[in-house]
Structure formats: C-alpha cells, structure tokens
Number of protein chains: 2
Amino acid sequence: MTLPPHATLTIGVLREQAADEQRVGLTPDSAARLVAAGHAVVVESGAGARAWFRDDEYESAGAAVGPRATVLDAGDLVVCLHPSAVLHALSPRHIVLGLLQPLLDPQLMARMAEAGVTALSFDTLPRTVSRAQSMDALTSQASVAGYKAALVAADAYGGFFPMLTTAAGTTKPATVLVLGAGVAGLQAIATARRLGAVVTAFDVRDSAQSDIRSLGAQVLDVGVTVQSEGGYARQLTAEEQAELTDRVADSVGRFDVVITTAQVPGRPPPLLVPERALQLMHPGSVVVDGAAGDFGGNVEGSKAGHTVVTPSGVTVIGAGALASQVPRAASTAYARNVAALVAYFTRSGSFAVDLDDEVQAGLVITHGGRVVHPAVRALLEGTS
Amino acid sequence: MTLPPHATLTIGVLREQAADEQRVGLTPDSAARLVAAGHAVVVESGAGARAWFRDDEYESAGAAVGPRATVLDAGDLVVCLHPSAVLHALSPRHIVLGLLQPLLDPQLMARMAEAGVTALSFDTLPRTVSRAQSMDALTSQASVAGYKAALVAADAYGGFFPMLTTAAGTTKPATVLVLGAGVAGLQAIATARRLGAVVTAFDVRDSAQSDIRSLGAQVLDVGVTVQSEGGYARQLTAEEQAELTDRVADSVGRFDVVITTAQVPGRPPPLLVPERALQLMHPGSVVVDGAAGDFGGNVEGSKAGHTVVTPSGVTVIGAGALASQVPRAASTAYARNVAALVAYFTRSGSFAVDLDDEVQAGLVITHGGRVVHPAVRALLEGTS
C-alpha cells in the first residue's frame, strides 16, 4: 500500500470486533470524499464485508487496504463504532473516534487518557447546536434503528399492518403504539405508518407531541410530561416514573404492536412496559424493545438479542442492535458523520483541538493525557 | 362438548400437522358466522394456537373443542389446509376441504375416491367466475404471501427501502424488481411501494401490464408476453422460456432486491433467475424466491426454508411458506373463504353437490367413490 505524501491526516478504519456488529466506520463513498479533501485513508482488510462493502471498492475510492497492524501504524485518526480491543495498541499520536459510551464506561476513558490518546465520542455531541448536526451519529443511527424496529415488528406480527380489502372481506389495520418519540421513535412511527398501521405514540417530553402529530400519529395522553433538555427528557422522579409506568401499562393492552425506543443519555433505559402490562396484551401481540441492551431495556424481562413468548402469548423481542442490522444504511450515514467531523476538526488545514468550541468540547473526551470532558470527569471523581 | 341438535352440517377443524404450517382452517370469527347460519363447528384442541387463536375463543364463538378423534367422528365437512395424515381416518360420510394440490398429487385424490370421501379443493376453483371470488383461497393466501415477501426482502436488505433525508445527506431508495405480477406479485409491489422503494415488475401475461402500472410500478419490458388463460400464463414454449430467462437475467443486475412469485398451476414454477443472473447482482443485494417449494422455485439454487449467500454476496431466500408466516391474517382470509364455500354448497338448506354448476365442478375433486374432476382424471389416466 502507498499513501499520499502530503496527506493532512491519515484516517484508519478498523474492522469491528463485536459479534453482532455489522457496521463499518467508513464507506467507500465517504473514503473518496476524505481522499478528495487531501487526507489519506487506510482500511483494515474485510472491514466493510458485513455491510457488503468490498476491499476493492475502498481501493477504487483511493484508500489503501491492509492488515490491522498497518491501520494502527499508519492511522492518525482511527475510526470505529465500538472501542473494543484497540486500546492496548494505541499511543499518544492516535486520535480515536467512535461511539465510545463515555458516560456508561468512564473507566475506559480514564485508561485512554492514561495512554495519551485523544478520544472523540459522538455520544456527547451537543445535538441541538445546528453546526453539529451533520456530525450527529446518534441521530443517524437512531433513525436507522427506528426504521428497523418497525420492520422487525411487522415481520413478527401475525397479521397485516395495512387495511386490505379483498373479495372475501376487509381486514382491520394493525394498531401500533410507539413509546418514546425521539429520532428512533419518530422513524418507527413513520415506517409503521408507511406500512398502513394506525399509530399512537407517547413521549414524556412535551416538545415531542407536535412531532408525533406531524407524522399522522395520535398522541397517547398519560398525564405526565416534562420539558426537553438538550433533546432528551430529564430523568423523572420516582413518583413521576411510577405514575407514567402505571398509565402506560393501562393503555398497552389496546394495541397489537408496541415499539419502545426510550433512552436517557448515560443511564439505563427507563422501564415503560412492566410485566403487568404484558399480561394485558392479547395473544399474538408483539413488543419490540428497541432499548434492550447491556444496561436494561424498556420492557420487563426483555433480553437484547433474544425473542421470548410470554405465557399469555405475547412475543417480546429484545432488539438492541437494530442499526447494525441495516448495516449498509447505518454505515453510510455514520461515515457521513465521520467525514463531517474530520472536516470540522481540520478547518485550519491540520487537525486541531479547540476546547473553547462548544461542539468540540462536547466531542473530545480525552486529550493531552487527561479526561477533559466535564461530565465524564464528574463521573470519575464521583466514583473514585 | 355438546352440538346443536338440528345443525345443517357439522364442520370439523383439524390442527395442521406440517412443521412449517402455522395457519388454521377456521377462525373464531368465521366459526361464529357458521354457527349463526345453523351449522355446528367442532375444533381440534390447539388448532388455532400457532395463529394465536385460543380454544376458549372458539368456544365463545359457539364451537365445541375436543380431541382429533372427536373432530373426525363428529365432523361432516372436515376443514384443513394440507391433507396430510387425515386420509386413513376418513370415511364415505366425510367431505374434506383444503388446499389439496390435486394436480400435483393426483394419486392422493385417487385414494380419497377409493375411501369414498368427497374431496373439495380450493386449488382448482374457476377463479375468473365472479360468484367464486369470495371462495378464492388461492388468491387470499397469495395476497398474504406477497405482502410477506416484501417484508422479508426489506428485513433482509442492508439498506433503506425509502429515500430518507437527514442532516448528513439523502439516501437513495432501494430499487426492487418483482417477477410475476399475479395476486402475490401485485401485493409485493404494493408493499414495497408503501415502504418507499422504487419498484419495477414483470409478468409474462399481457394483461398484467396495466395492473403493474396502476400500482405505480414500472413495467420491465423483456419482449415476451402471452395471453392470460383463467388468470394464469400458459406454459411457455422452450424457446420462449429461454428468451425470457435470458432477458430477465440481463436486467436483474440493476436491482437491489428481486422478489419472484411466478407460478403455473399444477406444474413446477418456472426458472426466472438463473445462476448467471445472480452473478450480475451486486454484493448485498437480496433475492426472495416466493415460489420455492417441493417442486422447485423461480431462482436457481434456492431451497424452500433456507437462506444462502452466494460467493458474490447475494442473499437468496427460499421463501416457500410465506402465507403461513403471517398466520393470523392468512387464517382469517382462508376462514372467510371456507365460510363462503359452506354457504355456497348449502344454499338449498343441506349440503348438496351439483357438478353441473361450473364453480362446484371446479372445486369437487372426488365424489361418490370416483375422481370427478376432469383435469385430475386426465392426469391419472395419463400416468396409470
């Protein structure tokens, strides 16, 4: 492999190691864009295979393809989704970019700081700042996840989503309840509506009500709403959460399909569908827990990557890695976020960290041997 | 269990035996309709379980629920999907109704005749007679299968079906080719279009072109069309078939997703996508063979119930039992066809076979100890 002699930055792309991860951090299209901007790109052989991007497509885009060691050796900025299994190979000259979940695993960030690595994480991007939106990988991946959640639900449900009229009669459309109307929830609403379902949705943020209605869905009124903070709901008080769960539980039984997508940044997802609510649902109904993961889920008893049928005949799908299951679309969107971020950090002609910039201050977790992100520092100081 | 004393007909409903069959021949809704018409209904315990209909729902509808032996003992008209494993228990007082595939398995029909059973099969209904359409189970099941074929394709495809615009850019919609635009193909077109894909379709019957266009899809012109006979294409000559396969193969490589649904009644499905065509498709593209089954398929190398990825990265899904995978919708539609058929055969107040009636003559395969259906007789005489 040969690299351009005067590249501004060499961007290394790693093959993901997690078994359920099909995405890749950069696509041939976005690699071509970075090469055109004067950067070099070096891709680990097979990195795009699970998203159906071949090594020769990266080469045609002007990237070099090589083994993992070469990517870590040549790469200044190393792109990944998950930080698994790269830390030991990184040095102070490396910048790591990914979905590092710094608020859920601050200890990993502390180790990155110790290693002298500059760690950038999309998770902590200030999402409401407009110049940051082209870098918003949480949004782009949530959008894919919401689309997939609706497809998974439609595929698992034993009836039609649309109303269909035939010579033998008319079928009623499926009734779908979407809990959590952030980016993922809204895309789930839109997709279920495309398929012809009658959709109702709920979000605890007052600002989400108009979004729900604008997609042609009804709002489920459970009497609890709070103001939105930075695009997220604040964590509810125990009393508010209990009232909310009660009211949602009372409503769930009316629906054929329930899709949950509620997330609170840096915390386990809130429980929205307790066991009691599942028992109120009719046999054959389907629940897709789009928040299922290592840190819990929105549905009692759901397990990420597993489908269970309750004794009363409700299919509960713990669907945690949804974006990864649409790997081509998800990787394409993620790679665009990566390319936008590289452009943002190299505006001056070379890669420069400026923590006085609100967007950079959100993205940069570790730099100069220290954890610099205030929220991550607070967690580390609180737990040490 | 107790049965009404003066029921016109006792309709028995069997639990299906095939491992991949989730449907049931009658739903609680349609059972209630038959009971209201003065018939008795007796359902094998658990018959509806895989379509999420519980025994107590049948009982609430006025049906009796009991073991298999009781259903065969009490039932005059025995309803099933597949005739598997009932023949030995049937006697001359039994009428069997199902999708018996008499043209593919005429020997089974000969054995039914020997047993003195009256066998009615939906497969041979004259579909173009308007008073027959409420009994058209092939159509109702094909409609479900087409819907599911599009969902299966969307779920397997690594990209979005719709065009989506986000802060990081716009994604192109998926391009979908539907081969065979009968009932299943048209529903696949409609569903893929609902999901936002750009759809092109082909059918060898000239009459299908306007159906394709009316759903907003483009027609793939391959230069071979024939007139439609009874809703089906006639079998092509070897020369026509070769030309057709060649032209389709040349076009397939342009599409992200190919869905095939081409059937010829009583014959193996035609080969539409040869190996050569699969090699022209790009990595990550998806082929759903909706005609895959015991008698072949539309796609070379596809196997019913199996998904294979070709060396060039094309996912080929042998999706033979599609209607059964949407068991609630499929059973609901099938049960309506059953109820309409019962009403048709009992117009005079009791069950009566009239082979001078065009619709009955199509449905009745065996009666009075003989195979009476001309097409099935012809097959038996040709092979004996």
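Residues numbered from 1 in each chain as written. Chains lettered and ligands numbered in written order. Predicted model: local features only at pLDDT ≥ 70, side-chain atom pairs only at ≥ 80, totals over all residues. Heavy atoms only, no water.

A. Quick peek at the overall build of chain A. Across its full length, chain A carries 12 helices and 19 strands. Against the compact-globule benchmark of 21 Å for 384 residues, chain A has a radius of gyration of 22 Å, which places it among compact chains. Counting the 384 residues in chain A, one finds 57% classified as buried. Across chain A, contacts joining residues at least 24 apart in sequence account for 63% of those joining residues at least 6 apart. Carbon and sulfur atoms make up 51% of the accessible area of chain A, which amounts to about 14,800 Å² in all. Side-chain charges of chain A comprise 27 positive and 36 negative groups, with the mean position of each set lying 3 Å from the other. (Helix = DSSP H or I, 4+ residues; strand = E, 2+ residues; numbered from the N terminus. Rg over C-alpha atoms; globule rule 2.2 N^0.38 Å. Buried < 20%, exposed > 50% of the residue type's maximum accessible area, 1.4 Å probe, protein only. Contact = heavy atoms within 4.5 Å. Areas by Shrake-Rupley, 256 points an atom, 1.4 Å probe, with all protein chains shown as cover. Lys, Arg positive; Asp, Glu negative; His and termini not counted. Charge placed at Lys NZ, Arg CZ, Asp CG, Glu CD.)

B. Quick look at the pattern of salt bridges. Residue and element names in this part refer to chain A. By the definition in use, this model includes 26 salt bridges over all chains. Salt-bridge contacts for Glu 243 lead to Arg 247; the nearest nitrogen and oxygen are separated by 3.0 Å. Linking Glu 243 with Arg 247, this pair stays in helix 8 (residues 238–252), spanning 4 residues, or about one helical turn. Take Glu 243: its relative accessible area is 34%, and that puts it in the partly exposed class. (Salt bridge = Lys/Arg side-chain N within 4 Å of Asp/Glu carboxyl O.)

C. Summary view of the sheet that holds strand 6 (residues 118–121) of chain A. Residue and element names in this part refer to chain A. Strand order in the open sheet formed by 8 strands is 3-2-1-4-5-6-18-19, with mixed pairing between adjacent strands. The open sheet has two edge strands, strand 3 (64–66) and strand 19 (370–371), and neither has a second partner. Judged from the 3 bridges that link them, strand 1 (residues 10–13) and strand 4 (residues 77–79) form a sheet pairing that is parallel. When the sheet's bridge partners are listed, Gly 12 is paired in strand 4 with Val 78. Across the sheet, helix 10 (residues 327–345) lies against strand 1, strand 4, strand 5 (95–98), strand 6 and strand 18 (364–367), angled at about 145 degrees from strand 5, the strand it touches most. (Pairing = 2+ DSSP bridges. Axes fitted to C-alpha atoms, helices over the stretch in contact; angles between N-to-C directions.)

D. Quick look at helix 1 (residues 28–36) of chain B. Residues and elements named next belong to chain B. The complete set of buried residues in helix 1 reads Pro 28, Ser 30, Ala 31 and Leu 34. Buried residues of helix 1, seen end-on, are gathered within an arc of 160 degrees and therefore sit on one face of the element. When the buried face of helix 1 is taken as reference, the exposed residues oriented beyond 90 degrees from it are Asp 29 and Ala 36. Buried residues along helix 1 sit in contact with strand 1 (10–13), strand 2 (40–44), helix 2 (55–60) and helix 10 (327–345). Just downstream of helix 1, Gly 38 is the residue with a positive phi angle, here 100 degrees. (Arc of directions from axis to C-beta.)

E. The arrangement of the relation of the copies chain A and chain B in detail. You can overlay chain A on chain B at an RMSD of 0.0 Å; the transform is a turn of 180 degrees with a shift of 0.0 Å along its axis. The transformation relating the two chain copies, once decomposed into turn and shift, fits a two-fold axis. Closest approach to the rotation axis within chain A is made by the C-alpha atom of Arg 194 of chain A, at a distance of 2.7 Å. Mapped onto chain B, 100% of the interface residues of chain A are again interface residues, and the two copies thus contact each other with one and the same surface. (Least-squares fit on C-alpha atoms with pLDDT ≥ 70 in both.)

F. Broad picture of the sheet that holds strand 14 (residues 257–260) of chain A. Residue and element names in this part refer to chain A. The mixed open sheet is built from 7 strands, whose spatial order is 11-10-9-14-15-17-16. Of all the strands in the sheet, just strand 11 (218–219) and strand 16 (307–309) have a single pairing partner and so form its edges. As paired elements, strand 14 and strand 15 (residues 286–289) share 4 bridges and run parallel to each other. Counterpart to Val 258 in the pairing with strand 15 is Val 287. Each of strand 14, strand 15 and strand 17 (315–318) touches helix 5 (residues 137–156); the most contacted strand, strand 15, lies at about 155 degrees to it.

G. Quick look at the side chain of Thr 261 of chain B. Residue and element names in this part refer to chain B. Residue position: Thr 261 is located in the loop between strand 14 (257–260) and helix 9 (275–280). Among the residues examined, Thr 261 registers a relative accessible area of 14% and is labelled buried. Filtering out sequence-adjacent residues up to four positions away, Thr 261 remains in contact with Leu 179, Gly 180, Ala 184, Gly 185 and Asn 298.

H. Inspection of the confidence of the model for chain A at higher detail. Residues and elements named next belong to chain A. Taken residue by residue, chain A gives an average pLDDT of 91. The fraction at 70 or more is 96%. A low-confidence stretch, residues 1–6 (pLDDT under 50), is modelled with 12 contacts involving residues beyond four sequence positions or located in other chains. Both confidence scores are given for the complex: pTM 0.93, ipTM 0.91. (pLDDT = per-residue confidence, 0-100.)

I. Just the interface of chain A and chain B, in detail. The interface is formed by 40 residues belonging to chain A together with 40 residues belonging to chain B. A combined buried area of about 3,600 Å² lies between chain A and chain B, and 62% of that area is made up of carbon and sulfur atoms. Counting every contact that joins chain A to chain B gives 2 salt bridges. Between Asp 155 of chain A and Lys 148 of chain B there is a salt bridge; the shortest N-O distance is 2.9 Å. At the junction of chain A and chain B, the tally comes to 10 residue pairs in polar contact (both at pLDDT 80 or more). Contributions of two or more residues to the side of chain A that touches chain B are made by helix 5, strand 8 (169–170), helix 6 (183–194) and helix 10 of chain A. In terms of residue count, helix 5 of chain A provides more of the side of chain A that touches chain B than any other element does, 7 residues in total. Each residue belonging to the side of chain A that touches chain B can be placed in one class, and the counts come to 20 nonpolar, 14 polar and 6 charged. (Buried area = accessible area lost by both parts, 1.4 Å probe. Polar contact = N/O pair within 3.5 Å; in protein donor to acceptor, adjacent residues only side chain to side chain. Nonpolar A, V, L, I, M, F, W, Y, C, P; charged D, E, K, R; others polar.)

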